[in-house]
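Summary of structural features
Listed below, chain by chain, are the residues.
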Amino acid sequence: MTSLAPRPAPRTPADFDRLVARIATNIKKANIALMRHPETKTMAGIFVSGNSRLTTDIATACTDGWNKSYNPAFMDTLTYPEQVFVVAHENMHVYLKHIPRFRNLMKTDGKLINAAMDYALNAFLHGIKDKSLMKMPTCALYDAQFDNMSVMEIYSILKKNSKTSPKPQPGQGQGNEP
């Protein structure tokens, strides 16, 4: 896979349109790569479900449990393998039914349960053996201590630690981080 270096921010509407077209193409390519890859192809149906949209209404990327949304400027800061990771990450939220399964906790403790979901699925994605498929962005929530733990196990640890440590910084586990 080729790496795409981040480009300067778009200066004109035409530049932004080109950025959106390029990122939309990369998201489609990422979905196809994930559908074809032996370690992720069993989730192929998820990669084609819902809509993938580009929007500046969010900081990074998110899902409503079916549709996936990506901020084109954020995606442009990532290499192509990191973009594949973000696409896989959002699709895994859908595949694991995180939104419907944790809907009540999201209403009462959204930041913490989102962080727990992210730690759990990023640990899974980190465990994919073929490192040429994707690369975890540095902004992704990952801690090896959470490998092979469930969302609720991670949530319990984060909840316990949140009573004795500072709250996560803005932009970390806010529901739109990879």
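Residues numbered from 1 in each chain as written. Predicted model: local features only at pLDDT ≥ 70, side-chain atom pairs only at ≥ 80, totals over all residues. Heavy atoms only, no water.

**Details of the environment of Ser-150**
For the record, the criterion: The helix and strand labels rest on DSSP assignments: H or I over at least four residues marks a helix, E over at least two residues marks a strand, and numbering proceeds from the N terminus.
Considering the arrangement of structural elements, one finds Ser-150 in the loop between helix H6 (103-126) and helix H7 (151-162). Considered as a pair, Ser-150 and Ala-116 are 34 residues apart in the sequence and their alpha carbons are 8.5 Å apart.

**A short note on the pattern of salt bridges**
To keep things clear, this is the line we draw: Salt bridges, as used here, are contacts in which a Lys or Arg side-chain nitrogen is within 4 Å of a carboxyl oxygen on Asp or Glu. Each residue is assigned to one of three classes by its accessible area relative to the maximum for its type, calculated with a 1.4 Å probe on protein chains only: buried under 20%, partly exposed between the two thresholds, exposed over 50%.
On inspection of all chains with the given rule, the structure shows four salt bridges. With a shortest N-O distance of 2.4 Å, Asp-15 and Arg-18 are connected by a salt bridge. One end of the pair is Asp-15 and the other is Arg-18, both in helix H1 (residues 13-36) and three residues apart, which spans about a single turn. Of the charged contacts in the structure, one is a salt bridge between Asp-109 and Lys-159, with a shortest N-O distance of 3.0 Å. Here the residue Asp-109 occupies a position in helix H6, and Lys-159 occupies one in helix H7, the gap between them amounting to 50 residues. When its relative accessible area of 31% is taken as the criterion, Lys-159 is described as partly exposed.

**Topic: H6**
Quick note on the threshold: A helix is expected to span 1.5 Å for every residue after the first. Bend at a given residue is defined as the angle between two axes, one fitted to the seven residues that end at that position and one fitted to the seven that begin there.
Over its 24 residues, H6 runs only 25 Å from end to end, short of the ideal 34 Å by more than 12%, given 1.5 Å per residue. Where H6 bends most, at Asp-109, the angle is about 125 degrees.

**A word on the sheet that holds strand S1 (residues 52-54)**
To keep it simple, the criterion reads: Any two strands with at least two DSSP bridges between them are considered paired. Angles here are taken between N-to-C directions and fall from 0 to 180 degrees, while the axes themselves are lines fitted to C-alpha atoms, restricted in helices to the stretch in contact. Two residues form a contact once any of their heavy atoms are found within 4.5 Å.
Spatially, the three strands line up as an open sheet ordered S1-S3-S2, and their pairing is mixed. Edge positions in the sheet fall to S1 and strand S2 (61-63), since each has one partner strand and no second. Going across the sheet, the axis of each strand differs from the next one's by a mean of 20 degrees, ignoring polarity. Sitting on the sheet, helix H4 (residues 80-95) touches S2 and strand S3 (68-70), and the angle it makes with S3 is about 150 degrees.

**So, H4**
Taking 1.5 Å of rise per residue, the 16 residues of H4 would be expected to cover 22 Å, and the 22 Å separating its terminal C-alpha atoms lies within 8% of that figure. Across the 16 residues that make up H4, a large majority, 15, are buried.

**A few points about the environment of His-98**
This is how it is decided: The term polar contact refers here to a pair of N or O atoms within 3.5 Å; inside protein, the definition further demands a hydrogen-donor-capable atom paired with an acceptor-capable atom, and it admits residues adjacent in sequence only when both atoms are side-chain atoms.
Considering the arrangement of structural elements, one finds His-98 in helix H5 (residues 98-101). Between the C-alpha atom of His-98 and that of Asp-118, which follows or precedes it by 20 residues, the distance is 9.9 Å. Ignoring anything within four residues of it in the chain, the contact list for His-98 reads His-93, Met-106, Met-117, Leu-121 and Val-151. Within the local environment of His-98, its side chain forms a polar contact with the side chain of His-93, the two groups lying 2.9 Å apart.

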